[in-house]
Structure formats: C-alpha cells, structure tokens
Amino acid sequence: MTLAFSSSAATVAVASAAVTSSARVPLTPLVCPTLRGFVSFGLTAKKLPLRSHGGAVRAISELVEDEESVVAATSSFHDAEETTPSELNHSRTFLDARTEQDLISGIRKEKEAGTLPPNVASGMEELYWNYKNAVLSSGASRADETVLSNMSLAFDRMLLGVEHPYTFNPYHKAIREPFDYFHFVHTYIRPLIDFENSYAGNVPIFSELEDKIRQGHNIVLISNHQSEADPAVISLLLEAQCPYIGENIKCVAGDRVITDPLCKPFSMGRNLICVYSKNHMNDDPELLDMKRKANTRSLKEMATLLRSGSQLIWIAPSGGRDRPNPSTGEWFPAPFDPSSVDNMRRLVEHSGTPGHIYPMSLLCYDIMPPPPKVEKEIGERRLVGFHGTGVSVAPEISFSDVTADCNNPNEAKEAYSQALYKSVNEQYTTLNSAIKKRRGIEASISTVSLSQPWNKSLRYTISGTKVRKYTSKPLPDERKKHKTLIIQRWAEDFREIVIAEFKHFVSQIEIVMGCKTRNKGRMVRKLRAPLVQEMVEVKAQIL
C-alpha cells in the first residue's frame, strides 16, 4: 500500500468544534451535558460554511475548566470511554492561554522544562505564525480569536501527545470520545478553505456511493494525494450533502502521520489503515524487513474489513503527495503504481462482497503544501495558506471493460491503472480550471459537473450552466431547444434537494435526541421549520 496521508498542524476551539457535520446549520453551546466529549448544541440562524468558527478563548477554558466536569459529562453517555489519568493530569499551559504572548511563552516554558523537544517547540512556533497569517488573509470576522482558540487547543493536544505518546494499531478508528478528534481537525482546517472559490465535482455520484455503502457494498476511491489536509477537505466539501462519507472514509496512511508529533493529534481523528509508504521503505535498510511485515499485517486488516462489507477506503497509488514540475512549477497528479492499484482490485474482488472502484481527484495543495522533494527526516516545515480547494469523483471503472482486449495480466494491470489515472487527471484539470484559472462553474465539462453543495445558489448545474437559486428561467437557447429535458432535470434536482434536506433534518434530530434537556420538542420544531419552508419555496419556484 502506498498513501502517505496526514492531517497536520493544529486545530480547533472546543466550543466551536461542532457536534453537527452539516455546513448549513451551525450550532452554539447550551448548558447541558456533553456530546462525544463536547458540549451539546442548540440552533442559531446563521448559514454556513463559515471560514472560521471564531469562539472566544474563554469558551475553551470554561469547557475544560474543571477536569471533574469533563468526566461527569462524558459519563452521561453509556458508550463513552473513561477519561485517562494522563488526560486529567497533563499541563494546562496552553488551555489557560489568553493571549498570543501566552501561547508563545508557553511553548518556550515547556521547552525549558524539558517537556517539549527543541525541534518540536520550534515547529509549533513556526506553525502558529503560518496559521495566523493564513487565517487573517481570509478576511473572516474575528479571525484573530479563531487563531488563538484553535491553536490553543492544537498545542494542548500536541503537548499531551509528547507527554503520553499514542500508539496506532494497523487499523485505527477515529477517536470520538471522550475528546472528539474528528471535529477537532475540521474546526482547524475549515478557516483555511476559501469556500467561495472551492468546488465539488459530480456530487450525485458521491450520493450514489453512500447508497451502495448502506447496501453493504465496498467502495474504493483511487485518488491523487496533495496535502496533509486531504481527508478534512473531502469531509468539509461534502458535509452539506454527503456527511456519511467524511465520517466513515478509511484512509490508507503512511507512517509519517502517526509518528510526527505535530501530525499525530490530527491523525487520531481519522479512520486509518497504517502502512509504510513505498517512498520511505528504504530510508533505513535495517528496518526494511520490519516494514514489510507491518504492511502485511495492515493488508490482512484491510482484507478483514472488506469481507465485512460496507467499507469506504481511500488510497493514493502514487505512494505519496503530488509535487510540482521542477521546471514549470505546475502541479499535476503523480503517476500511479500499477501494482498498488492491482492489489486493491484483487482485495475488493476476493472479499466475497460486492465492490466498486471509483477514480477521485483532489486539488488542495495550497492550504498545506508539501516540501518540494520527499524528505527522509520526520518533522517537515508546516506551511499553511488560505485557498480554494476541490474534490471530484467519476463513475465506476470496470476492470473487465478496460482490459477486455489485453493479452496478459501485466498488460491488463497497466491498462486498468492508466484508465483510473486518466480519469483522475481529467477531473484535476477541470478543478484546476475552476479554481486556479477562476472559471468557476463554467469550467464544468460533459464528464465533470461542478457545484457548491454548501451554497444554495450554486448547488446544482444543468449542462454546466449555473442555476441560481433554483430559478425557473433557463437561458433562452435552452428554453427553445431543450425545454422538456430541462423540466426533467429540474424534477431530478428537486428530488435531490428533498433527500438532502431530509437527511440533514434527520441527523439534527438524532443529535437533539442525544441531549439531556427538557426542551427537545421546541428544538425539533426549530429544526423542522426551515426544512418545511425551504421545500415550499423550492417547489413553488420550480413549478
């Protein structure tokens, strides 16, 4: 296996690390027991996606002010894990920070005390300034508070990881209790994404994936790999319509992300199948045999998962992150390793469960660009930026269809890998045109339909043409030539809107039912009102 994913750098205010995975209904703290180690939430009228959740630093302190309150809150859920002594007893240096100076001096204090190694301390300080510059460049309101609150908690998690190192199993499940690392990562990454200049390609196919997974099928996404933020970008761009994908995707991840102290807290929030990347297999010849055996164990874990069905696995067969062309500076998906693709195909086919392989493309290198070249040493510099991002998926590619005319297994293996890479590259070119060349929705082509699921006015496209606010007035040429087709597509769009809104409503109801409050009925009515109103408005506009 080959992917070297990692979700690096630093994260989230507890207060804003929301319970909801939806980008459309942000939530604010209520005074009631916690959910997944965080506070329960009530509704506000704001619309997402927000570039940042802001949140005063005081909110963090209040949430963790008393270790006993954390234990009591998490114990209210029958499946919550006990808070460990290490969690309760470690230093509060960063949680107690109230200013930027408190954070920086806290790093130096822990370094002088011998808790933080010098290289980790310097990496944390550099990360702070890079993250601050990126978030401030977004122009979001209260960006300075977002930086302070997110970095306070990020540094706290990093310090805890140094004090009490966490060991990853070959298959690691995202840690959601008593501390929710999944939302912790998202709240850190969200302010770095320019949602106005971000796009998702072929969203209905992502919905199709969800349906197949729920039916017990296995799905493998063959993709390029751009940055340590890739998994969070996938989740955040799809959370408005396909939140299940973000929460359940399993990433084939290289050893760098489970050993680097600045990465580990963010890796703890993802579902990982841990392997040694081919790019680093020979870094230390004495460890080669150990790495091979470890990869064999991870392959067995993956095979076991696939046999159980309903798995969503993401792998980058290139063996690591994309790099720019040294001569032109242009970014492009790194070539796939045909053997890695073939290994995944055979695992899927021999699982005894229906399986499907889809090509997926990512464009997000600017928010966390990798080093220009592959580095052997752990502890790369963490550059951070505020930029547009993109994710796209294409229809399933069948091995038998692609290799029907091949004469031998090696030729078939190469042909299938190339077919997947060609699709990924085509999608990447479309995303690049939309984001980097600023063509937006108009960059859509016949095989890649771009949209912004988090943005109502650009949620759907018809033949690559924007349909603003579900308007019932298509362009004149479309009205004359394709009136019947357009009406049919509107009907399909309306069905998708209803399904998306209902899924969102159900997910919020589940959250409300998990809260211990006497106001459940009122909260449900507040959730239902926007749903009903929107359905009436959309139906009236389309008809």
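Residues numbered from 1 in each chain as written. Predicted model: local features only at pLDDT ≥ 70, side-chain atom pairs only at ≥ 80, totals over all residues. Heavy atoms only, no water.

As recorded in an unreviewed UniProt entry, the protein chain goes by glycerol-3-phosphate 1-O-acyltransferase and comes from Eruca vesicaria subsp. sativa. You can read under Sequence similarities (unreviewed entry) in the UniProt record for the protein chain the words "Belongs to the GPAT/DAPAT family." (UniProt positions renumbered as here; feature names shortened; annotations may be inferred.)

Novice: Describe the sheet that holds strand E8 (residues 312-315), and please don't skip the residues or the numbers.
Specialist: Spatially, the nine strands line up as an open sheet ordered E3-E7-E6-E8-E5-E9-E10-E4-E11, and their pairing is mixed. Pairing within the sheet leaves two strands with one partner each, and these edge strands are strand E3 (171-172) and strand E11 (450-451). Relative to strand E10 (residues 390-393), strand E9 (residues 355-363) runs antiparallel, the two being bridged by four bridges. Residue pairing in the sheet places serine 361 in a bridge with serine 392 of E10. Its contacts with the sheet place helix H12 (residues 288-308) against E3, strand E5 (218-223), strand E6 (250-253), strand E7 (271-274) and E8, and it is angled at close to 135° to E7. On the sheet, helix H15 (residues 409-435) packs against strand E4 (199-201), E5, E9, E10 and E11 and is oriented at approximately 35° with respect to E9. (Pairing = 2+ DSSP bridges. Helix = DSSP H or I, 4+ residues; strand = E, 2+ residues; numbered from the N terminus. Contact = heavy atoms within 4.5 Å. Axes fitted to C-alpha atoms, helices over the stretch in contact; angles between N-to-C directions.)

Novice: Would you mind going over the packing of helix H4 (residues 100-112) against helix H6 (residues 143-163) in detail, with residue names and values included?
Specialist: Interaxial distance between H4 and H6 falls to 10 Å at its minimum, and their mutual angle equals 15°. Of the possible angle classes, the one that applies to H4 and H6 is roughly parallel. As H4 runs across H6, the sense of the crossing is left-handed. Contact with H4, carried on its side by Glu100, Leu103, Ile107 and Glu110, involves Leu148, Met151, Ser152, Phe155 and Leu159 of H6 and no other residues of that element. In terms of residue class, the contact of H4 with H6 is made up of six nonpolar, one polar and two charged. (Parallel < 35°, antiparallel > 145°, perpendicular 65-115°, else oblique. Left-handed = near helix turned anticlockwise from the far one by under 90°. Nonpolar A, V, L, I, M, F, W, Y, C, P; charged D, E, K, R; others polar.)

Novice: How would you explain the environment of valine 424 if you had to name every residue and give the values?
Specialist: You can see valine 424 is positioned in helix H15. Residue valine 424 is classed as buried on the basis of its relative accessible area, which comes to 0%. Setting aside residues no more than four positions away along its own chain, valine 424 makes contact with Ile222, Asn224, Pro333, Phe336, Pro359, Met360 and Ser361. (Buried < 20%, exposed > 50% of the residue type's maximum accessible area, 1.4 Å probe, protein only.)

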